[in-house]
Amino acid sequence: MSFSDLIWETIFNKEEYKSMSKKINWAILAPGGIANSMAQAMNSVCKDGKINLYAVASRNKERSEEFAKKWNFQKAYGSYQELFEDSEVDAIYIANPHAFHFDSVMQALQNGKHILCEKPAGCSMDQLSQMINLAKEKNLFFMEAMWTAFNPCIAQIKKEIAQGAIGEIKHIESRFCNRIPYDPNNRLYAPYLAGGALLDLGIYNIYFAMMINDFSPIASRNSSVRLLDGVDIWNSVNLTFENGVTTSFQSAADMPAGSNTHDATIFGTKGFITVENFFMTQKAAIHTYKSDWGNDNEITKEINVPFMTNGYEYELIHATDCILNNLKESPVHTFEKSINLCTAMDNLRKDWNMKYPWEK
């Protein structure tokens, strides 16, 4: 059984769902790199009859038309407003840089569209709370597109942990570090684009630890940061959850980690789990201690869960299922989880005295 089927059977009445004839007319706003990944996922699952590749919008009509042709969308718009005003659009995947999410989401909701918005949905709790409140007011589905929440390999890892594979969890360690050439106009280096490693990369470290730790509240934190032009280009963070589990992570925009630059390790009393490319993982390994000395261990099980397409399909299927079943909030990546995640990042930025231009 696939991860999406498991969620489907848990939440929805399958026979009633099968009888539905409605399709969701999906649109994509801002056809950039991540939008291509979502479009690929949309094409891979649209044959099930629930998803219709309806429209794409860019501020450049030619770019929109090229994207629509490449990915089989019916309509191409040269402005976002045209997309918002199209009454046939049911749901929009917001794919522009996160500094622009607030305006795009608020306008789309005002025009009656369901929303799947790339992470982070809001650059701050002030923005996120306004999005959630408007979605509730308009009685529309809204979800932050945190694809890690729907990763089937992580679901399997959590199952192994629940069954006692590594004993009691003690600590979660991860790194998400990239070396990107400095450009003051690159979204990772520019304050006006809500730049910095935390919102772009570190968000995954925090959410992964939250997932593995069953979303125990954060009790305390400490961190170090290196700022450039007012944004964090490197950070090192330690969090302690209320249940006593700790996590430590680094995220960086200007350097890779010394080793395993995108990997995570989950430590328990009986062993540990290494997770390859934790934010989009398809592969992990369970290591069991052979003695009291941690260096003496062996791999006792390998976990391999390949994506159906590229990993974006799971959040897309889930969002579509929610809309078809008249849910306004995901039961998997809930508003509360988005709020807790955003609050954690707000608190770290507060510690660093790091504000975006519009917050001053």
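Residues numbered from 1 in each chain as written. Predicted model: local features only at pLDDT ≥ 70, side-chain atom pairs only at ≥ 80, totals over all residues. Heavy atoms only, no water.

Caption draft 1: How the structure looks around the overall build of the protein. On a plain count of helices and strands, the protein comes out with 11 helices and 14 strands. Its C-alpha radius of gyration of 21 Å places the protein within 12% of the 21 Å reference for a compact globule of 360 residues. Each of the three principal axes of the protein carries a C-alpha extent, and together these read 65 × 55 × 35 Å. A burial count over the protein gives 54% of its 360 residues as buried. For the protein, the proportion of contacts with a sequence separation of at least 24, taken over those separated by at least 6, is 67%. Summed over all atoms, the accessible surface of the protein reaches about 15500 Å², with 47% contributed by carbon and sulfur. (Helix = DSSP H or I, 4+ residues; strand = E, 2+ residues; numbered from the N terminus. Rg over C-alpha atoms; globule rule 2.2 N^0.38 Å. Buried < 20%, exposed > 50% of the residue type's maximum accessible area, 1.4 Å probe, protein only. Contact = heavy atoms within 4.5 Å. Areas by Shrake-Rupley, 256 points an atom, 1.4 Å probe, with all protein chains shown as cover.)

Caption draft 2: Region of interest: helix α11 (residues 335–351). The end-to-end C-alpha distance of α11 is 24 Å, a good match for the 24 Å that 17 residues give at a rise of 1.5 Å each. Of the residues one or two after α11, asparagine 353 is the one with positive phi, at around 55°. (Expected span 1.5 Å × (residues − 1).)

Caption draft 3: Representation of the pairing of strand β12 (residues 271–276) within the structure. Pairing analysis gives four bridges linking strand β11 (residues 264–268) to β12, with the strands arranged antiparallel. Residue pairing in the sheet places phenylalanine 267 in a bridge with phenylalanine 272 of β12. Linking β11 back to β12 in an antiparallel pair, the connection comprises two residues. Hairpin connection of β12 to strand β13 (residues 283–289): six residues between the antiparallel strands, including asparagine 277 at a positive phi of 50°. (Pairing = 2+ DSSP bridges.)

Caption draft 4: Structural view of the packing of aromatic side chains. Using the criterion set out here, one finds 16 aromatic pairs in the structure. A centroid spacing of 5.0 Å and a plane angle of 75° characterise the contact between tyrosine 182 and tyrosine 189, whose relative ring orientation is edge-to-face. Judged by centre distance (5.5 Å) and plane angle (45°), the ring pair of tyrosine 204 and phenylalanine 279 falls under tilted. With tyrosine 204 in helix α9 (residues 197–212) and phenylalanine 279 in the loop between β12 and β13, this pair connects stretches of sequence that are 75 residues apart. Given the relative accessible area of 8%, tyrosine 204 is considered buried. Taken together, the ring pairs in this structure connect Phe176, Tyr204, Phe208, Phe278 and Phe279 into an aromatic cluster. One Lys or Arg, lysine 337, reaches over the ring of phenylalanine 215 and ends 4.2 Å from the middle of that ring. (Phe/Tyr/Trp six-rings, centres within 6.5 Å; stacked < 30°, edge-to-face > 60°. Lys NZ or Arg CZ within 6 Å of the ring centre and 35° of its normal.)

Caption draft 5: How the structure looks around the pairing of strand β2 (residues 51–57). The buried fraction of β2 amounts to seven of the seven residues, a majority that puts the element mostly inside the structure. Note that strand β1 (residues 24–29) and β2 share six bridges and pair parallel. Bridging across to β2, isoleucine 24 finds its partner in isoleucine 51. Between β1 and its parallel partner β2, the chain crosses via helix α3 (residues 33–45), and the hand of that crossover is right-handed. Pairing between β2 and strand β3 (residues 75–77): three bridges, direction parallel. Counted as the bridge partner of alanine 57 is tyrosine 77 from β3. Tracing the backbone out of β2, into helix α4 (residues 61–71) and back to the parallel element β3 gives a crossover that is right-handed. (Right-handed = clockwise from strand over helix to strand, strands pointing away.)

Caption draft 6: Main features of the nonpolar core. One finds Trp26, Ile28, Tyr93, Ile157 and Ile266 to be the most contacted residues of the largest nonpolar core, which totals 88 residues. Here this core takes 12 residues from α9, the largest share from any one element. Residues contacting isoleucine 28, with those up to four places away along its chain left out, are Ala35, Met38, Ala39, Met42, Ala55, Val56, Ala57, Phe67, Phe73, Leu83 and Tyr93. Residues Ala30, Ala121, Met125 and Ile132 belong to the second largest nonpolar core, which totals 31 residues. (Core = buried A, V, L, I, M, F, W, Y, C linked by side-chain atoms within 4.5 Å.)

Caption draft 7: Main features of the side chain of aspartate 86. Of note, aspartate 86 is situated in the loop between α5 (80–85) and β4 (91–94). Under the relative-accessibility criterion, aspartate 86 is labelled buried at 8%. Beyond its immediate sequence surroundings of up to four residues, aspartate 86 is in contact with Tyr54, Lys75, Tyr77 and Lys113.

Caption draft 8: Spatial organisation of the sheet that holds β4. Here we have six strands laid out as an open sheet, ordered β3-β2-β1-β4-β5-β6, and parallel in their pairing. The open sheet terminates on both sides in strands that have one partner only, identified here as β3 and β6 (142–145). Neighbouring strand axes in the sheet, compared pairwise and without regard to direction, differ in orientation by 20° on average. Across four bridges, the pairing between β1 and β4 is parallel. If you follow alanine 27 over to β4, its bridge partner there is isoleucine 92. The strands that helix α6 (residues 101–110) touches are β1, β4, β5 (114–118) and β6; relative to β5, the one it contacts most, it runs at about 170°. (Axes fitted to C-alpha atoms, helices over the stretch in contact; angles between N-to-C directions.)

Caption draft 9: Representation of unusual backbone geometry within the structure. A cis geometry characterises the amide bond from lysine 119 onward to proline 120, with omega recorded as -20°. One non-glycine residue with positive phi stands out, namely asparagine 72, at about 70°. Since its relative accessible area comes to 51%, asparagine 72 is described here as exposed.

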